[in-house]
Amino acid sequence: MEEPEDSPPSSKSRRWIYATLILCGYGFFKEFKPSEPFLTPYLTDNTTKNFTKDEVNSQIYVYWPYSFLIAEIFVLLLTDIVRYKPVILVEAAAYLMTRFLLIWGTNVVSMQMMQVVYGIATATEIAYFSYIYPAVSLEHYKKVTSYVRAVRLFGQAMAGIVGQILISTKAFNYLQLNYFSCASVFVACVFAILLPNLCSCSCWNGTETRKNSSRGTGTYTQAVADYIRTTTHKRLLDLKAYYSDPSLLKWSLWWALATCGYLQVGNYVQSLWKEIATSTGVSYEYNGLVEAITTLCSAFAAFTLSFMKVNWPLWGELTIGCLSLLDSA
């Protein structure tokens, strides 16, 4: 439920801390999937799925970007209207369904369905990043932003480390790693359910609901319709105002292009690693180690930013330019 405006400061403080901790727990466990760095080996290994390289690259992986793009359109339109948590629950359920299909799917069609569901899961991640802002006051924005991003990256790094150790020591095979990941995503679903509801519209709280119920369902339905119409209109006005700002427009275009490049590389990089390992005769796969190092560096950077005071209007464009050059190298 929404925190009343006249709540004691201590109550509000406990609420934002609780929301941040639960969201961080969710972010960690949804990314703590030790099987993820070994997805391509899992799909092509003759003891597990035994798909060919062409089937994986040309018939399976290609479904994710298009699924992501289509789902993202609806997510952007609905996230603010439904107040974040329902979208996070969809994300958690989609990640869990992805695990089920990976483990029990047996043919190309089931793997294509897996990629479609995974596209929905990754598209709804925007709710994870934006959920915390209505739950905390403006003074905490910088800290909670770094926390929710850093813990997500830390989860990926720990998944890489654990996955690499289990594979290198032959303690787990690829299928058992997927069971491990499935258990972690299930824990993430529990955290998603525990997230506090965020609601700013009086038509959703209990008092107003009971009041409207006594008048009839038509009044309540009308209140919900008015809320959706008003919120949608406000979001369109906000969109116009935001993208009239040249700095914000520039940053958004950079983010869109950088994300597109990152996702495309990430989608096929394991296939490239496998090709290199095959051509060079390397018998060990270090996918988990590589992903652990990169995400640990990212997590450290995201966490460090919460303690840095930077004049972003002055240094922002230079920082973005240098990072883009480094990323493309």
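Preceding block: the structure.
Predicted model only: the values in this text are computed from it and were never measured.

Visitor: Is there a simple way to think about the overall build of the protein in this case?
Guide: If you tally the helices and strands in the protein, you get 15 helices and 0 strands. Across the 329 residues that make up the protein, the buried fraction comes to 40%. Long-range contacts, defined as pairs at least 24 residues apart, comprise 79% of the intrachain contacts of the protein with a sequence gap of at least 6. Taken as a whole, the protein presents about 18700 Å² of accessible surface, with 69% of it coming from carbon and sulfur.

Visitor: Is there a simple way to think about helix α6 (residues 108-123) in this case?
Guide: Since the α-helix packs 3.6 residues into each turn, any two residues three or four apart lie on the same face. The terminal C-alpha atoms of α6 lie 22 Å apart, and with 16 residues this matches the ideal 22 Å at 1.5 Å per residue to within 8%. Counting buried positions over the 16 residues of α6 gives 12, a clear majority of the element. When α6 is considered as a whole, its buried residues turn out to be V108, S110, M111, Q112, M114, Q115, V117, Y118, G119, A121, T122 and A123. Of the surrounding elements, those touching the buried residues of α6 are α2 (39-44), α3 (53-60), α4 (63-82), α5 (85-104), α7 (125-130) and α13 (246-280). Where α6 begins, the side chain of N107 points an oxygen toward the backbone nitrogen of V109, at a separation of 3.3 Å.

Visitor: Mind showing me how you'd approach the environment of V144 here?
Guide: For V144, the position within the fold is in helix α9 (residues 141-168). With 15 residues separating them in the primary sequence, V144 and F129 have C-alpha atoms 9.7 Å apart. Not counting the four nearest positions on each side in its chain, V144 is found in contact with W16, T20, I132 and V136.

Rules used in this analysis
- Residues numbered from 1 in each chain as written.
- Predicted model: local features only at pLDDT ≥ 70, side-chain atom pairs only at ≥ 80, totals over all residues.
- Heavy atoms only, no water.
- Helix = DSSP H or I, 4+ residues; strand = E, 2+ residues; numbered from the N terminus.
- Buried < 20%, exposed > 50% of the residue type's maximum accessible area, 1.4 Å probe, protein only.
- Contact = heavy atoms within 4.5 Å.
- Areas by Shrake-Rupley, 256 points an atom, 1.4 Å probe, with all protein chains shown as cover.
- Expected span 1.5 Å × (residues − 1).
- Polar contact = N/O pair within 3.5 Å; in protein donor to acceptor, adjacent residues only side chain to side chain.

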